[in-house]
Amino acid sequence: DVFKSQEKMSFKDHALEETIQNCLDDIHRELYHNALKERDARVAKVDTWEDFSPNLNQGKLVLAPFCGETKCEETIKETTKQEAAEEETMGGLKMGA
């Protein structure tokens, strides 16, 4: 874990550029890996309505089948708003699509 390491590095002057580049590559790789883990933990793929609102109320990005019709979108917004009326998540914020 690059960020938790407190170790000092020593190297020859001629290897300075390569060593720093390798260290930066390691930092970049770790940041990217951690970002992907965090993103994936906050995404929920759902196929049923019973799973939709609970995941949304947990502050997750919900991936669900959608027909693309405005009427369906409005129905989803209204229904999740009603279902979230009693729910409080994310530091007291009310959720809903």
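Scroll up a little and you will see the structure.
This text gives an overview of the structure that appears in the document. (Residues numbered from 1 in each chain as written. Predicted model: local features only at pLDDT ≥ 70, side-chain atom pairs only at ≥ 80, totals over all residues. Heavy atoms only, no water.)

1. Quick notes on helix α2 (residues 49-57)
Since one α-helical turn is 3.6 residues long, residues separated by three or four positions face the same way. The following threshold applies: Throughout, exposure labels follow a simple rule: accessible area from a 1.4 Å probe, protein chains only, divided by the maximum for the residue type, with under 20% read as buried, over 50% as exposed, and the rest as partly exposed. Each helix is a run of H or I in the DSSP string that is no shorter than four residues. Each strand is a run of E no shorter than two, and both are numbered from the N terminus.
Residues of α2 that are buried include every one of Phe-52, Ser-53, Asn-55, Leu-56 and Asn-57, and no others. Where α2 terminates, the next one or two residues include Gly-59, which has phi positive at roughly 80°.

2. A look at a nonpolar patch on the surface
This is how the line gets drawn: Patches were defined on residues exceeding 30% relative accessible area and lacking a salt bridge, with like-charge contacts within 9 Å and nonpolar side-chain contacts (Val, Leu, Ile, Met, Phe, Trp, Tyr) within 5 Å. Computed by Shrake-Rupley with a 1.4 Å probe, the accessible areas treat only the displayed protein chains as cover when residues are assessed. Criterion for a salt bridge: a side-chain nitrogen of Lys or Arg within 4 Å of a carboxyl oxygen of Asp or Glu.
Taken together, Met-9, Phe-11, Leu-16, Ile-20 and Leu-24 make up a surface patch of nonpolar side chains, about 450 Å² in accessible area. Its location among the elements puts Leu-24 in helix α1 (residues 16-41).

3. Things to note about the packing of aromatic side chains
Quick note on the threshold: Geometry of aromatic contacts follows a simple scheme: Phe, Tyr and Trp rings, the Trp one being its six-membered ring, pair when their centres are within 6.5 Å, and the pair is stacked under 30 degrees between planes, edge-to-face over 60, tilted otherwise.
Summed over all chains, the structure comprises 1 aromatic pair. Ring centres of Trp-49 and Phe-52 lie 4.8 Å apart, and the angle between their planes is 5°; this geometry places the pair in the stacked category. A residue pair is termed a helical-turn pair when its members lie 3 or 4 positions apart in one helix, as Trp-49 and Phe-52 do in helix α2 at 3 residues.

4. A short note on the pattern of salt bridges
Under the defined criterion, the tally for this structure stands at 4 salt bridges. One salt bridge in this structure joins Asp-26 and Arg-29, with 2.7 Å as the shortest N-O distance. Here Asp-26 pairs with Arg-29, and both are found in helix α1, just 3 residues apart, close to one helical turn. Overall, the relative accessible area of 35% leaves Asp-26 in the partly exposed class. Arg-29 gets classed as exposed once you look at its relative accessible area, which sits at 51%. Salt-bridge contacts for Arg-42 lead to Glu-38; the nearest nitrogen and oxygen are separated by 2.4 Å. What makes Arg-42 partly exposed here is its relative accessible area of 43%. Assessed through its relative accessible area of 41%, Glu-38 is described here as partly exposed.

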